[in-house]
Amino acid sequence: MTVPNGASPLAGRRVLLIVGGGIAAVKAPDLIRRLRERRAAVRCVLTAAGHEFTTPLALSSLSEDRVFTDLFDLTDESEMGHIQLSRQADIVLVAPATANLMGRMAAGMAPDLAATLLLATDKPVMLAPAMNVRMWLHPATQRNLTILKQDGVLVVGPNDGAMACGEFGPGRMAEPLEIVAALEAHFGPRPLQGLRALVTSGPTHEPIDPVRYIANRSSGKQGHAIAAALARAGAETVLVSGPTSQPDPAGVEVRRIETARQMLDACEAALPADIAVCAAAVADWRVATEAGEKLKKEKGGGPPSLAFAENPDILATLSGRREARPGLVIGFAAETEKVIEHAVAKRERKGCDWILANDVSPATGTFGGDNNSVTLISDAAPDTWPPLSKQQVADRLVQRIAEHLGRA
Ligand code: C5P
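Residues numbered from 1 in each chain as written. Predicted model: local features only at pLDDT ≥ 70, side-chain atom pairs only at ≥ 80, totals over all residues. Heavy atoms only, no water.

A few words now on the pattern of salt bridges. Counted according to the given criterion, the structure contains 25 salt bridges. Linking aspartate 122 and lysine 123 is a salt bridge whose minimum nitrogen-to-oxygen distance equals 3.2 Å. Relative accessible area serves as the criterion here: at 25%, lysine 123 is assigned to the partly exposed category. A salt bridge links aspartate 353 to arginine 325; the nearest nitrogen and oxygen atoms lie 3.1 Å apart. Of this pair, aspartate 353 sits in the loop between helix H13 (339-350) and strand S18 (354-359) while arginine 325 sits in the loop between helix H12 (314-320) and strand S17 (328-335), and the two are 28 residues apart along the sequence. Overall, the relative accessible area of 22% leaves aspartate 353 in the partly exposed class. Counted as one network, the salt bridges with shared partners bring together Asp30, Arg33, Arg34, Glu37, Arg38 and Glu184. (Salt bridge = Lys/Arg side-chain N within 4 Å of Asp/Glu carboxyl O. Buried < 20%, exposed > 50% of the residue type's maximum accessible area, 1.4 Å probe, protein only. Helix = DSSP H or I, 4+ residues; strand = E, 2+ residues; numbered from the N terminus.)

Here you go:
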């Protein structure tokens, strides 16, 4: 078998894969194949509902091991008790993790083999949720997710996208390679262990009145990817995020805000930090006097005129702090022309250590898209990276940070 990308941190690891009952269970065979390519040992548990979507034979052929189901009988119990099954693994991976399984886990219920193993294990647990968008967004599921994260459960995905049920939104299971990447990160080296990182992401919303606001098109994809990569590298990471539809990155403490001023307060409250990455698209101005009541369209009154006030510059404020200035402050410069020249000037003006300059002219598709073309501006010569996914930009940035801090 080939091992893609050299030796994987998964080589020799034992993964107990619980396959829940959702259409995403059809991706389980591919997931097993990817794990086996990396020389991980995979043992599968198939729930009764999972059985409707994939077969024990498919799973056992690929895992080259037997598959445990609820038909687990007394012979099995004497040969391989559920306690041992849950513990003879380095990690328990649930993919797909259904709303039902998550609910049982959050409630500590154990009506079947899968839930029993999850309650009995003393190993890390990672979930790859997959469900209909409404089910994912339902307060009950979100409540369960919060509880599970507090219990230390790792979560990868779900992604946004078209779903088998015909709806669109968050709820698609992370792709097998994304799940593999999350596992590799979990087992891989953690060069930033012991450091604290602060990341801003997303847009800000600046209120006009109680129902209207001014916003921008930032998706938060790049900032969230950076927070996730810092956490994977072992940094204790706080993400201060404006309103976005991005899922919370695994292992990151997320503080949600709406306005620039709230973002600054949340950033200052998160200090001290060794690393600060300001990836948010903060509104430069806010409406000077937010109306306490909804502005009314008066007959013959014409449109209201709005007066603006300048918002705080979070990057410049963090960079200029005398006390508790983060050791390495990194900003972004979204430019549409003279990208490097403008970014060099911005680094000077803001007093930050590094700037990631990106070309956001419409032809690049950077805004809201999945890819980014950046140049790293620091004390050294500008370093232009090839076009990369936002996830790869995040990984490369974290790699550069680790090198800079002598931890690579
Ligand atoms: O000045 P400009 O908005 O182009 O600067 C971009 C950089 O500054 C980004 O890193 C952004 O997160 C940060 N910024 C900030 N607070 C602002 C405006 C921008 O932190 N009010």
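Among the structural elements, threonine 259 can be located in the loop between strand S13 (253-256) and helix H11 (260-270). In contact with threonine 259, other than residues within four places in its own chain, are Thr204, His205, Glu206 and Pro207. (Contact = heavy atoms within 4.5 Å.)

Before going further, it helps to spend a moment on the site of the ligand. Around the ligand sit Cys278, Ala280, Val282, Asp284, Pro312, Asp313, Ile314, Leu315, Gly331, Phe332, Lys346 and Lys350, and those are all the residues in its vicinity. Backbone polar atom of alanine 280 to an oxygen atom of the ligand: 2.6 Å apart, as the coordinates give it. Measuring from an oxygen atom of the ligand, one finds a side-chain N or O atom of lysine 346 at 2.3 Å. Relative to its unbound accessible area of 440 Å², the ligand is 85% covered by the protein chains. (Near = heavy atom within 4 Å. Polar contact = N/O pair within 3.5 Å; in protein donor to acceptor, adjacent residues only side chain to side chain. Areas by Shrake-Rupley, 256 points an atom, 1.4 Å probe, with all protein chains shown as cover.)

The next subject is the domain arrangement of the chain. Looking at the chain, the domain boundaries give domain 1 (14-187) and domain 2 (196-404). Domain 1 and domain 2 are separated by 34 Å when their C-alpha centres are compared. Taken together, the contacts link 5 residues of domain 1 with 5 residues of domain 2. Carbon and sulfur atoms supply 51% of the area buried between domain 1 and domain 2, which totals about 460 Å² over both sides. In this assembly, domain 1 and domain 2 are joined by 1 salt bridge. A breakdown of the residues in the side of domain 1 that touches domain 2 according to their chemical character gives 3 nonpolar, no polar and 2 charged. (Domains from an automatic or database assignment. Buried area = accessible area lost by both parts, 1.4 Å probe. Nonpolar A, V, L, I, M, F, W, Y, C, P; charged D, E, K, R; others polar.)

Taken as a whole, this structure holds 0 aromatic pairs when the rule is applied. When the ring centre of phenylalanine 68 is taken as reference, the NZ or CZ atom of arginine 66 above it lies at 4.4 Å. (Phe/Tyr/Trp six-rings, centres within 6.5 Å; stacked < 30°, edge-to-face > 60°. Lys NZ or Arg CZ within 6 Å of the ring centre and 35° of its normal.)

Low pLDDT marks stretches whose predicted atomic positions should not be read closely. For the chain, per-residue confidence averages 91 on the pLDDT scale, and residues scoring 70 or more make up 96% of the total. Every residue in residues 1-6 is under pLDDT 50, and counting partners more than four places away or in other chains gives 12 contacts. (pLDDT = per-residue confidence, 0-100.)

What follows covers the sheet that holds strand S6 (residues 154-155). An order of S3-S2-S1-S4-S5-S6 is seen for the 6 strands of this open sheet, with the pairing classed as parallel. The outermost strands of the open sheet, each flanked by one partner alone, are strand S3 (67-68) and S6. Two elements, strand S4 (residues 91-97) and strand S5 (residues 125-129), share 4 bridges in a ladder whose sense is parallel. For valine 92, the partnering residue across the bridge sits in S5 and is valine 125. Against the sheet, helix H2 (residues 56-63) contacts strand S1 (14-19), strand S2 (41-46) and S3, and its axis sits at roughly 170° relative to S2. Of the strands in this sheet, S4, S5 and S6 are in contact with helix H9 (residues 176-187), which crosses S4 at around 160°. (Pairing = 2+ DSSP bridges. Axes fitted to C-alpha atoms, helices over the stretch in contact; angles between N-to-C directions.)

Okay, the sheet that holds strand S12 (residues 236-241) next. The strand order across the open sheet formed by 8 strands is S13-S12-S9-S14-S17-S18-S20-S21, and the pairing between neighbours is mixed. With one partner strand each, in any of the chains shown, S13 and strand S21 (383-384) form the two edges of the open sheet. In this sheet, S13 lies alongside S12 in parallel orientation, the contact comprising 4 bridges. Along S13, the bridge assignment pairs valine 240 with arginine 255. Set on the sheet, helix H10 (residues 221-232) makes contact with strand S9 (196-201), S12, strand S14 (275-278) and S17; between it and S9 the angle comes to about 165°. Contacting S9, S12 and S13, H11 crosses the sheet at an angle of about 175° to S9.

Moving on, we get to the side chain of serine 63. Tracing the sequence through the fold places serine 63 in helix H2. Of the polar contacts made by the side chain of serine 63, one reaches the backbone oxygen of leucine 59; its length is 2.8 Å. Filtering out sequence-adjacent residues up to four positions away, serine 63 remains in contact with Ile32, Arg36, Val42 and Cys44.

Our next topic: the nonpolar core. In terms of nonpolar packing, the biggest core is built from 33 residues, with Leu192, Leu230, Val277, Leu397 and Ile401 touching the most fellow members. Aside from chain neighbours lying at most four places away, what touches isoleucine 401 is Leu192, Leu230, Ile275, Leu328, Ile330 and Trp354. With 30 residues, the next largest nonpolar core counts Ala95, Met173, Ala174 and Ala182 among its residues. (Core = buried A, V, L, I, M, F, W, Y, C linked by side-chain atoms within 4.5 Å.)

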